[in-house]
Amino acid sequence: MLNPAVGVLDRLAAARPDFAPRRFGVVSACDGGLVEVSGLALPIGAMGAITHGHGALSAETIGFRNGHTLMMLLGDPVLLRPGARVRAIGRPGMLPVGEAFLGRAVDGEALPIDGGAAISATAQWPVGGVRAGALDRSPVRVPFDVGVRALNGLTTFGVGQRIGIMAGSGVGKSVLLDMIAHGASADVVIVGLIGERAREVSDFVERHMHGERRARSVIVAVPADHAPNLRMRGAMLATGMAEYFRAQGYRVLLIMDSLTRVAHAAREIGLLLGEPGAARGYPPSALATLTKLVERAGNSGTSGGSITGLYTVLADGDNQDDPVVDTARAILDGHVVLSRDLAQRGQYPAIDIAASLSRVMNDIVDPAHARLARAFRAHVASYEANRDLVLMGAYRHGTDAQLDRAIAMHDQLIGYLAQAQDERVALPASVAQLAELFSDAG
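Structural notes, computed from the coordinates.

## Some words on the layout of surface pockets
Considering only enclosed or pocket space, the largest pocket measures out at about 950 Å³ in volume. Broken down by secondary-structure element, the contributors of at least two residues to the lining of the largest pocket are β4 (55-65), α6 (228-247), α7 (259-272) and α8 (284-294). Class assignment for the residues of the lining of the largest pocket results in 13 nonpolar, 10 polar and 9 charged. Considered as a void within the structure, the second largest pocket measures approximately 670 Å³ in volume. Lining of the second largest pocket is provided by 23 residues; of these, G90, R91, P96, A121 and Q124 occupy positions nearest its centre. Looking at the lining of the second largest pocket residue by residue, the classes come out as 13 nonpolar, 6 polar and 4 charged.

See below:
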């Protein structure tokens, strides 16, 4: 009975109480979720508690103006009044991390949302991460098995790579994420569900937080109806958690769904602070936030651990030239494009192989595998470019030898790309099936 209390008592004995006088400020103005506080100087990123007659509200410092501290509420401003007291809480710029979070689902403030007991975190990690030199990052040299045949065989990922899944709404990003989270080989899986529907959060937790996978998984969920800075904080917490486990030497899979919602949250904060919108309404700081977040993933030459980052990117209106999509494509090490046309034909996952790319594939696979993948891409591209002619019967057999072969192999090619949601195909099996496909074709 006393075992659960031993750890708490040990931490209390090692704690260093702060006997300095408590400082506080007062609320002088409120504009939506932006609160001006006078009399309390807090660093950016510091948390504060705003007390009122019925409890307290949490807020985060995001800037300064005319001697006042600008804070953004993490919740609803209902019951907030002028003159409410504000006091600092927690350690500025630090997030709780550690093994205690394994098997748990938490919100952007690291509070449990799974109905379990409170989490006692003994370690903390900087909100902005621990910056390392460019040469401290080990190159990507080892293949990463994701359990999806089309990705393993044709856009092979590497341990420590950053990959984007790009598609419009309702094309199957969440389903593909489920398949990867279920089939990937990793020591720890960190999932950041940022700005998604609350129903999707509960469904994901129900599907993945059970069995042996639960013991190595952490879910950070901040639904779309939460404050933008809380959504940002959730993305930082998930990334910081992954960095902590990488520093312990673990092979970590970080799944962020979605990077676009993080950009939307950063846009709201930037516009609230008066920053002008530049690229289609996105202020420069919003797109810079994506770069800083993605660059924190990768291999560590010091610990030997790795973070393989998987980020979903929502292409608004299926526009692949959207600023967020364009920025993500430039900073990521590869991207998987999902096609609405393929989804409407009933092909799942609806991966557009011709438009998808892994920039490290040629460095981590043998030459024979690379040749097979190029041949597959060439056949798919040839068929899709002439699909209308073939379906209308306007193409004359014998005109193009490669197209003739692509037509003959079409059903086999589609069969290789398609995969059931609950099916897992390992990397060696994916390569073997690819080789068998072209061997049978002669």
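## Quick word on the nonpolar core
For soluble globular proteins, nonpolar side chains are generally found buried alongside one another. Counting 58 residues, the largest nonpolar core has I190, M241, L259 and Y311 as its most contacted members. Of the residues forming this core, the biggest block, 10 residues, is contributed by α6. Among residues more than four places away in sequence, those in contact with M241 are P96, V97, G98, F101, I190 and V218. Membership of the second largest hydrophobic core comes to 54 residues, among which are V140, L151, A373 and L417.

Basis of the calculations
- Residues numbered from 1 in each chain as written.
- Predicted model: local features only at pLDDT ≥ 70, side-chain atom pairs only at ≥ 80, totals over all residues.
- Heavy atoms only, no water.
- 1 Å grid on protein atoms, 1.4 Å probe; cavity = no way out; pocket = protein on both sides within 12 Å on 5 of 7 lines; lining within 4 Å.
- Points joined across faces, edges and corners; volume = space filled by probe spheres on them.
- Helix = DSSP H or I, 4+ residues; strand = E, 2+ residues; numbered from the N terminus.
- Nonpolar A, V, L, I, M, F, W, Y, C, P; charged D, E, K, R; others polar.
- Core = buried A, V, L, I, M, F, W, Y, C linked by side-chain atoms within 4.5 Å.
- Buried < 20%, exposed > 50% of the residue type's maximum accessible area, 1.4 Å probe, protein only.
- Contact = heavy atoms within 4.5 Å.

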